[in-house]
Amino acid sequence: MIIAKKISKQIQLASHSVEILHETTICARPGEFLSIIGPSGSGKTTLLNCLSGLMMPSSGEVYIDGQCIQRLSAGKLAQLRRTVISTIFQSYNLLPALNVLDNVVLPLRLNHQRISKSEVKTLLNGLNFKADLNQFPNQLSGGEQQKVAIARTLVMHAQVIFADEPTGALDLISRQVIFQQLRALAEQGVCIIMVTHDVEQAAHTGRALILNDGRIISEVKHPSVDQLFAQMDTIRG
Ligand SMILES: Nc1ncnc2c1ncn2[C@@H]1O[C@H](COP(=O)(O)OP(=O)(O)OP(=O)(O)O)[C@@H](O)[C@H]1O
Ligand SMILES: [Mg+2]
């Protein structure tokens, strides 16, 4: 479903360039729940952005649903991203001028898809969202905004979900509710690639990739909490 072959990303700064992702290779299949963990600044968001076609790697190749994104026109890539992929952004990316309902249904509107207000209500209820659908993002708490961002992703019924710390702002109960929903989607065949700082959550995914300094330093199948803490310890030295 998602294949990255030796992707690197360099960023040009004023006086020099820095490499923030180094020859990373990843393969994720339908129904897989993959987690990516690593220290702040290790390149997790950059990796997710390259895998989802939001950002082009400086070298290497990314395939989404069998298509090499670097060989697609901007229009075709945008269409592929709109139909196959859905992303929960670390910074939510809600539109401030739109209320909760309009934020959630925005991807459907862009795809000219049918919009069901009751489906949105059910979706938000299932996420334990208690605020009003007419409220605007600046009238919501951080956790509520995160739930709106999650609902906007789930409403797409995409084949691949990229989630960048999707439960970072949430209380324990909401965190568990949302994590269980992502797991259920993976069981239904959705490919989920999730960045998390939560080792307990990562230990409940099928495979964990540990990233440090823009490199995957190890990959653990059916990881345990102890294994992941041990990996993080090797980074701390
Ligand atoms: N546009 C940019 N220009 C310069 N440096 C950048 C840019 N984007 C990212 N970086 C740098 O690349 C590194 C990786 O950033 P990234 O956001 O991918 O980290 P992260 O692992 O997601 O961190 P966090 O856990 O804090 O979200 C960081 O050192 C960051 O400062
Ligand atoms: Mg990040």
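Structure first, text after, so check above.
Every value quoted in this text rests on a predicted model; they were computed, and no experiment measured them.

### A few points about the coordination of the magnesium ion (ligand 2)
Tetrahedral coordination by four donors places them ideally at 109.5 degrees to one another around the metal; octahedral coordination by six donors ideally gives 90 or 180 degrees.
Consideration 1: Protein-derived ligands of the magnesium ion (ligand 2) are Thr45 (OG1) and Gln90 (OE1), with the metal-ligand distances lying across 2.0 to 2.4 Å. Pair noted here: Thr45 is in helix H1 (residues 44-51) and Gln90 is in the loop between strand S6 (85-88) and helix H3 (100-110), with a separation of 45 residues, a long-range link.
Consideration 2: Assessed through its relative accessible area of 38%, Gln90 is described here as partly exposed.

### Some words on the side chain of Ser116
Consideration 1: Within the element layout of this structure, Ser116 appears in the loop between H3 and helix H4 (117-126).
Consideration 2: Looking at Ser116, its side chain comes within polar contact range of the main-chain nitrogen of Glu119, at 3.0 Å.

### Observations regarding the site of ligand 1
Consideration 1: Surrounding ligand 1, one finds 14 residues, the nearest of these being Gly41, Lys44, Thr45, Thr46 and Gln90.
Consideration 2: Ser40 is positioned with one of its side-chain polar atoms (N or O) 3.1 Å from an oxygen atom of ligand 1.
Consideration 3: Note that an oxygen atom of ligand 1 is positioned 2.7 Å from one of the side-chain N or O atoms of Lys44.
Consideration 4: Burial of ligand 1 by the protein amounts to 60% of the accessible area it has alone, namely 630 Å².
Consideration 5: The element best represented in the shell around ligand 1 is H1, accounting for three residues.

### Some remarks on helix H6 (residues 172-187)
Consideration 1: Here H6 spans 22 Å end to end across 16 residues, near enough to the 22 Å set by a 1.5 Å rise per residue.
Consideration 2: What H6 keeps buried is the set Ser174, Ile178, Phe179, Leu182, Leu185 and Ala186. Looking straight down H6, one finds that the buried residues subtend no more than 130 degrees of arc, so they occupy a single side. Those residues of H6 that are exposed and aimed more than 90 degrees away from the buried face are Leu172, Ile173 and Glu187.
Consideration 3: Taken together, the buried residues of H6 touch strand S3 (33-37), helix H5 (142-154), strand S7 (160-164), strand S8 (191-195) and helix H7 (199-202).

### Details of the pairing of S8
Consideration 1: Counting buried positions along S8 gives five out of five residues, so the element sits mostly inside the fold.
Consideration 2: The alternating pattern of S8 places Cys191, Ile193 and Val195 on one face and Ile192 and Met194 on the opposite face, and all of these are buried.
Consideration 3: Pairing between S3 and S8: four bridges, direction parallel. Within S8, the residue paired with Ser35 across the bridge is Met194.

### Let's talk about H4
Consideration 1: Of all the positions in H4, only Val120, Leu123 and Leu124 are classed as buried. For H4, the buried positions fall inside an angular range of 95 degrees around the axis, keeping them on one side. The outward face of H4, more than 90 degrees from its buried face, is lined by the exposed residues Ser118, Thr122 and Asn125.
Consideration 2: Those residues of H4 hidden inside the fold are in contact with H3 and H5.
Consideration 3: Following H4 by one or two positions, Asn128 adopts a phi angle in the positive range, close to 70 degrees.

### Points about the sheet that holds strand S9 (residues 207-212)
Consideration 1: The mixed open sheet is built from six strands, whose spatial order is S6-S7-S8-S3-S9-S10. Since the sheet does not close on itself, it has two edges, and those belong to S6 and strand S10 (215-221), each with one partner. Across the sheet, the mean angle from the axis of one strand to that of its neighbour is 15 degrees, orientation sign disregarded.
Consideration 2: Where S6 meets S7, four bridges bridge the pair, whose relative direction is parallel. By the bridge assignment for S7, Ile85 is matched with Val160.
Consideration 3: Together, S3, S9 and S10 form the strand contacts of helix H8 (residues 225-236), whose direction differs from that of S9 by roughly 10 degrees.

### What to know about the nonpolar core
Consideration 1: Grouped together as the largest cluster of nonpolar side chains are 34 residues, with contacts concentrated most on Val100 and Ile192.
Consideration 2: Looking at this core, the elements with two or more residues in it are H3, H4, H5, S7, H6 and S8.
Consideration 3: Residue contacts for Val100: discarding those within four places in its chain leaves Leu124, Phe129, Asp132, Leu133, Gln135, Leu140 and Val148.
Consideration 4: In this structure, Leu34, Leu77, Leu80 and Cys191 belong to the second largest nonpolar core, which totals 28 residues.

Reading guide: rules and limits
- Residues numbered from 1 in each chain as written.
- Chains lettered and ligands numbered in written order.
- Predicted model: local features only at pLDDT ≥ 70, side-chain atom pairs only at ≥ 80, totals over all residues.
- Heavy atoms only, no water.
- Donors = N, O, S within 2.8 Å, 3.2 Å for Na, K, Ca; no water.
- Helix = DSSP H or I, 4+ residues; strand = E, 2+ residues; numbered from the N terminus.
- Buried < 20%, exposed > 50% of the residue type's maximum accessible area, 1.4 Å probe, protein only.
- Polar contact = N/O pair within 3.5 Å; in protein donor to acceptor, adjacent residues only side chain to side chain.
- Near = heavy atom within 4 Å.
- Areas by Shrake-Rupley, 256 points an atom, 1.4 Å probe, with all protein chains shown as cover.
- Expected span 1.5 Å × (residues − 1).
- Arc of directions from axis to C-beta.
- Contact = heavy atoms within 4.5 Å.
- Pairing = 2+ DSSP bridges.
- Axes fitted to C-alpha atoms, helices over the stretch in contact; angles between N-to-C directions.
- Core = buried A, V, L, I, M, F, W, Y, C linked by side-chain atoms within 4.5 Å.

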